[in-house]
Amino acid sequence: MTLFAVSAEFNAAPWATVVICLALMAGFTGYLLPATIHFLTLAVCLSTGFLAYLAFSLPEAQFWYLLDSFGVAFQLDALSGYFLLTNALVTLAVLVYCWNTGRSAFFYAQLIILHTSLNSAFLCADFMSLYVALEVVAIAAFCLMTYPREPRIIWLGLRYLLLSNTAMLFYLIGVALVYSNSQSFAFSGLTQAPPEATALIFLGLLTKGGIFLAGLWLPQTHGEAATPMSALMSGVVVKAGILGLLRCGLLSDQLLLLVQGLGVATALFGVAYAMLAKDTKRMLAFHTVSQMGFVLAAPVAGGFYALTHGLVKSSLFLLAGNLPSRDFKILQKTPIAAGFWVPLLLASSSIAGFPLLAGFEAKTLTLKGLPPWLAIALNIAAVGTAISFSKFVFLKPTFVGKTYPLGLGIALAVLLGGLAVGNVVYWQAFTASNLLKATLTCGVGAGLYWGVVKRLTLKLPDGGEQVDHLIGMMSISLTILFAWILV
Amino acid sequence: MVALEACIFVTVIIGFLGLIYKPNLFMKIIAMDVMGTGVIAYYCLMAARTGFLTPIVTDKESTIPYADPVPQAVILTAIVIGLSIQALMLVATMKLARENPTLEVKAIEKQYWP
């Protein structure tokens, strides 16, 4: 990255502010002038890409305050750069996919607002701005999700809003405790705050990010939403809560341990459900839960992992929405057009950590330098990942059949192209032992799939996903968090 | 002060329990609002810890301690957000009520389970 380095005196603050303000204005302008909305959305995605470029090429992290020490704090560093880049690429792909589908200007205006509020969630460095950004994200995501206006989708959206808003109320109490202790909303105040504050804030962020017990709303919401919305929500929207958790985890050793513990529990839990899922979109949604665990387990490498996950998951959701059926049993009997099978294979092998796509390096980087208990648990989860994606890899390809919609083709080119280019980030990963290990993981996964999992008809209980249980689960998670922090 | 704080937390807990125990979707949303009211009141109480005077600059020197304006200012944003989410959810509830007039969460859930 040194080739394009920006000088150390360069001040990125005005650029970031201008990009966010103009993007919001573009959303409203586009709604008033519907003919321009596609191009405005495109411009907004490109400007986010520019911000991500700034984040990577700045020699060190930049902090700035918009008003005073009580005001909005921003932080631009490589970690936020990865999340910004994910946002830019995934929104771009969804935009291209929806370009010719005749959706109204309202849809694209909401897309811009969602995109921009995600950007501000990735940039901000204090709890209050994070709260505002996350709530705007929830509102915009609700509007986008319920765009088809079917009662079923409205119910899903309502459920999402109810749970996320309740969690954010707990979060607000925690933020108040942080403020009363350190007289500021900055993230760093969390280390001096009483333990209750940590538990309450974490509950809010865990629910938003779909982590472990509090985040069980995620599979149904992501699995049942319309195809482009699933791609967007699994690709970037969950990561808004995750980045907050990562930033908290990097504050002190104690918090890091808490974040890593939650990450491992989530990775194992999500992958167990993903392995046994019978439905494509539901499998992908559970897999998002598991991958968010991987991101949390190694906060330093989390940014890169989140990028590769976002690219893979949105391309898989876009593909799964265009397959002839959502049931794996039916898919295994009908041959899949090669045009669909090849990108499915590429995306699946990337997420399973097979060499030559960025997923392999992300996994290697994540597993590097972790304590043994963490590394062993994550390796088990990685085998589980390989098992669950064998379901896609071992579908039968055929060379006759359906042709591609153009939008889907370009969207996949953007996403998978990003994965191929991502190889340069950590090219040191290509050593013999790493390559052997990755191939072995995938091989063991595929073997277990053929030998065991394919024959299982086990169905894990899904009762925990009812609204009453989800709200009850919040109080249980809160109790667990308290117990962890106090002990 | 401690008694007020206790009242506020009781409000929050009553709201949360309502969210769990009320079977009706409409009542759940109202319970969430009760919880939100408790949280907002907590911010106002926190601001009043240092004093009660409105912090406005005047010609006269004041010796009375003034309230902390920052929590009050930020909670305004939270109030607006809470209001808009509440409105959005009630609109969605109205739409759902056409197909499910009783608005019982269990019945709705059963109908739309994948």
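Residues numbered from 1 in each chain as written. Chains lettered and ligands numbered in written order. Predicted model: local features only at pLDDT ≥ 70, side-chain atom pairs only at ≥ 80, totals over all residues. Heavy atoms only, no water.

## Some thoughts on the packing of aromatic side chains
Residue and element names in this part refer to chain A. All chains considered together, the criterion is met by 25 aromatic pairs over all chains. Aromatic side chains Tyr160 and Trp217 sit 5.1 Å apart centroid to centroid with 50 degrees between the ring planes, which places their arrangement in the tilted category. With Tyr160 in helix H6 (residues 151–182) and Trp217 in the loop between helix H7 (195–209) and helix H8 (218–224), this pair connects stretches of sequence that are 57 residues apart. Members of the aromatic cluster, each reached through a chain of ring pairs, are Phe127, Tyr131, Tyr171 and Phe187. (Phe/Tyr/Trp six-rings, centres within 6.5 Å; stacked < 30°, edge-to-face > 60°. Helix = DSSP H or I, 4+ residues; strand = E, 2+ residues; numbered from the N terminus.)

## Things to note about the environment of Leu307 of chain A
Residues and elements named next belong to chain A. Residue position: Leu307 is located in helix H13 (residues 302–320). Separated by 72 residues in sequence, Leu307 and Gly235 place their C-alpha atoms 8.7 Å apart. For Leu307, the residues in contact, after removing those within four places along its chain, are Tyr82, Leu85 and Thr86. (Contact = heavy atoms within 4.5 Å.)

## Some remarks on the pairing of strand E1 (residues 62–65) of chain A
Residue and element names in this part refer to chain A. Where burial is concerned, the two faces of E1 differ: the one with Gln62 and Trp64 is buried and the one with Phe63 and Tyr65 is not. As judged from the four bridges shared by E1 and strand E2 (residues 73–76), these two strands associate in the antiparallel manner. Bridge pairing in E2 links Gln62 to Leu76. (Buried < 20%, exposed > 50% of the residue type's maximum accessible area, 1.4 Å probe, protein only. Pairing = 2+ DSSP bridges.)

## Side note on the confidence of the model for chain B
On average, residues of chain B carry a pLDDT of 91, and 100% of them reach 70 or more. Overall fold confidence (pTM) sits at 0.94, and the ipTM for the predicted complex is 0.95. (pLDDT = per-residue confidence, 0-100.)

## Focus: the pattern of salt bridges
For side chains of opposite charge, pairing can occur when their charged atoms come near one another. In the structure shown here, the tally under the stated rule is nine salt bridges over all chains. Salt-bridge contacts for Glu224 of chain A lead to Arg326 of chain A; the nearest nitrogen and oxygen are separated by 3.4 Å. Here Glu224 of chain A, found in helix H8, pairs with Arg326 of chain A, found in the loop between H13 and helix H14 (328–333); they are 102 residues apart in sequence, far enough to count as distant. The partner of Asp468 of chain A in a salt bridge is Lys106 of chain B, and the shortest N-O contact between them spans 3.7 Å. You can see Asp468 of chain A sitting in helix H20 (residues 467–486) and its partner Lys106 of chain B sitting in helix H4 (residues 105–112), one on each of two chains. Relative accessible area serves as the criterion here: at 19%, Asp468 of chain A is assigned to the buried category. Within the structure, one salt-bridge network assembled from shared partners comprises Arg152, Glu224, Asp279 and Arg326 of chain A. (Salt bridge = Lys/Arg side-chain N within 4 Å of Asp/Glu carboxyl O.)

## Some details on the packing of helix H10 (residues 239–249) of chain A against helix H12 (residues 280–297) of chain A
Residue and element names in this part refer to chain A. It is the contact of H10 with H12, at a shortest axis distance of 10 Å, that shows an interaxial angle of 25 degrees. Judged on the interaxial angle alone, H12 and H10 are roughly parallel. Relative to H12, H10 is oriented so that their crossing is right-handed. Counting all contacts with H10, which are made through Lys239, Ile242, Leu245 and Leu246, the residues of H12 involved are Met292, Val295 and Leu296. (Axes fitted to C-alpha atoms, helices over the stretch in contact; angles between N-to-C directions. Parallel < 35°, antiparallel > 145°, perpendicular 65-115°, else oblique. Left-handed = near helix turned anticlockwise from the far one by under 90°.)

## Focus: empty space enclosed by the protein
Rolling a probe over the atoms, with the probe sized like a water molecule, indicates the empty space that remains. All names here are of chain A. All told, the structure shown has three cavities of 30 Å³ or more when counted by the stated rule. Here the largest cavity is characterised by a volume of approximately 50 Å³. Every residue along the wall of the largest cavity is listed here: Leu134, Val137, Tyr160, Lys208, Trp217, Val237, Val238 and Ala240. A class-by-class count of the residues in the lining of the largest cavity yields seven nonpolar, no polar and one charged. If you add up the space inside the second largest cavity, you get close to 40 Å³. In this structure, the second largest cavity is lined by Gln291, Tyr305, Thr308, Ser350, Ile351, Gly359, Ala362 and Lys363. Those elements that place two or more of their residues in the lining of the second largest cavity are H13, helix H15 (338–351) and helix H16 (358–367). It is H16 that contributes the most residues to the lining of the second largest cavity, three residues altogether. Broken down by class, the residue content of the lining of the second largest cavity amounts to three nonpolar, four polar and one charged. (1 Å grid on protein atoms, 1.4 Å probe; cavity = no way out; pocket = protein on both sides within 12 Å on 5 of 7 lines; lining within 4 Å. Points joined across faces, edges and corners; volume = space filled by probe spheres on them. Nonpolar A, V, L, I, M, F, W, Y, C, P; charged D, E, K, R; others polar.)

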